[in-house]
Amino acid sequence: MLTFKANVLEEGRAAEWQSAALLLTFALILAVPGETTTSTAGFRTFVRLGLDDAALSAPIALVALSRMTALYVNGAWRRSPIVRMVGSIVGASIFAMIGMAFVWPAIENGLSVSALSTGGIYFTLAFFDALSAYRSGADVRMVQQLSCRTR
């Protein structure tokens, strides 16, 4: 039986696929008619920055689809760990930004357990994307070593 370490960290890309799927789902939810950013307290931070649903949805969907493409190419044809690493870093940044959007109002206006817990969820997603970036970095070294051996 494969362990979590072997399945997700060493051999699998499950965490990267999950993160890309979450980003795409998030982008699609923002794209649905209606104003998610103005109806949810945590997203009002983005509104104050001048970002609406469309301004958030399009780039997040682009990142998600780019990551999915890189993961598919990585598995089907050739190794693309640098692209995967960049995608994981961008994903971690997006999740951390969303987490901060929920936590910042709670910090400004007094601690709110719901804001902190929602922010904590996004920070957890950011942590696992950072872990995926680290794992992709290890793959970069492996690809470089394999290419040196074949020369």
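Bear in mind that the values here come from a model prediction, so they are computed numbers and not experimental data.

Calculation rules
Within every chain, residues take consecutive numbers counted from 1 along the sequence as written. Selection of residues for local features in this predicted model requires a pLDDT of at least 70, selection of side-chain atom pairs for listing and counting requires 80 or more, and totals for whole chains, interfaces and linings are taken over all residues. For the side-chain quantities, the full set of heavy atoms in the structure was used; hydrogens and water were omitted. Think of it this way: any DSSP run of H or I at least four residues long counts as a helix, any run of E at least two long counts as a strand, and we number them from the N terminus. Per-residue accessibility, obtained with a 1.4 Å probe over protein chains only, is compared with the maximum for each type, and a residue is labelled buried under 20%, exposed over 50%, and partly exposed between these values. Polar contacts, as used here, are pairs of N or O atoms within 3.5 Å; protein pairs need one atom able to donate a hydrogen and one able to accept it. Residues neighboring in sequence count only if both atoms are side-chain atoms. Working rule for contacts: check all heavy atoms of both residues, and any pair within 4.5 Å makes them a contact. Each Phe, Tyr or Trp ring, with Trp reduced to its six-membered ring, pairs with another whose centre is within 6.5 Å; inter-plane angles below 30 degrees give stacked pairs, above 60 give edge-to-face pairs, and intermediate values give tilted ones. As a rule, the C-alpha atoms of each element are fitted with a line to give its axis, helices using only the stretch in contact, and angles between N-to-C directions run from 0 to 180 degrees. Note that the term roughly parallel is reserved for angles under 35 degrees, roughly antiparallel for angles over 145, roughly perpendicular for angles of 65 to 115, and oblique for everything else. Left-handed describes a crossing whose near helix is turned anticlockwise from the far helix by less than a right angle; the clockwise case is right-handed. Helices are assigned an expected span. That span is 1.5 Å times one less than the residue count. What the arc describes is the spread of directions from the helix axis to the C-beta atoms.

Before going further, it helps to spend a moment on the side chain of Asp129. Among the secondary structure elements, Asp129 is positioned in helix H7 (residues 113-150). Given the relative accessible area of 1%, Asp129 is considered buried. In terms of polar contacts, Asp129 uses its side chain to reach the side chain of Arg67, at 3.0 Å. When residues no more than four places from it in sequence are discounted, the contact partners of Asp129 are Ser19, Arg67, Ser88, Gly91, Ala92 and Phe95.

A few words now on the packing of aromatic side chains. Taken as a whole and judged by the stated rule, the model has three aromatic pairs. With 6.3 Å between their ring centres and 65 degrees between their planes, Phe26 and Tyr122 make a pair best called edge-to-face. Of this pair, Phe26 sits in helix H2 (residues 14-31) while Tyr122 is found in helix H7, placing the two residues 96 residues apart along the sequence. Looking at Phe26, the relative accessible area reads 13%, which means it is buried. We classify Tyr122 as buried; its relative accessible area is 16%. Seen in terms of ring centroids, Phe127 and Phe128 are 5.2 Å apart; in terms of plane orientation they differ by 85 degrees. Their pairing is edge-to-face.

Attention shifts here to the packing of H2 against helix H6 (residues 81-109). Where H2 contacts H6, the axes come no closer than 11 Å and their chain directions differ by 50 degrees. The angle between the axes of H2 and H6 places the two elements in the oblique class. Two packed elements cross with a definite hand, and for H2 against H6 that hand is left-handed. Contact with H2, carried on its side by Glu16, Ser19, Leu22, Leu23 and Phe26, involves Arg84, Ser88, Gly91, Ile94, Phe95 and Ile98 of H6 and no other residues of that element.

Over its 18 residues, H2 runs 25 Å from end to end, which matches the ideal 26 Å to within 8%, given 1.5 Å per residue. Within the span of H2, buried status applies to Glu16, Ser19, Ala20, Leu23, Leu24, Phe26, Ala27 and Leu30. Viewed along the axis of H2, the buried residues span an arc of 160 degrees, placing them on a single side of the element.

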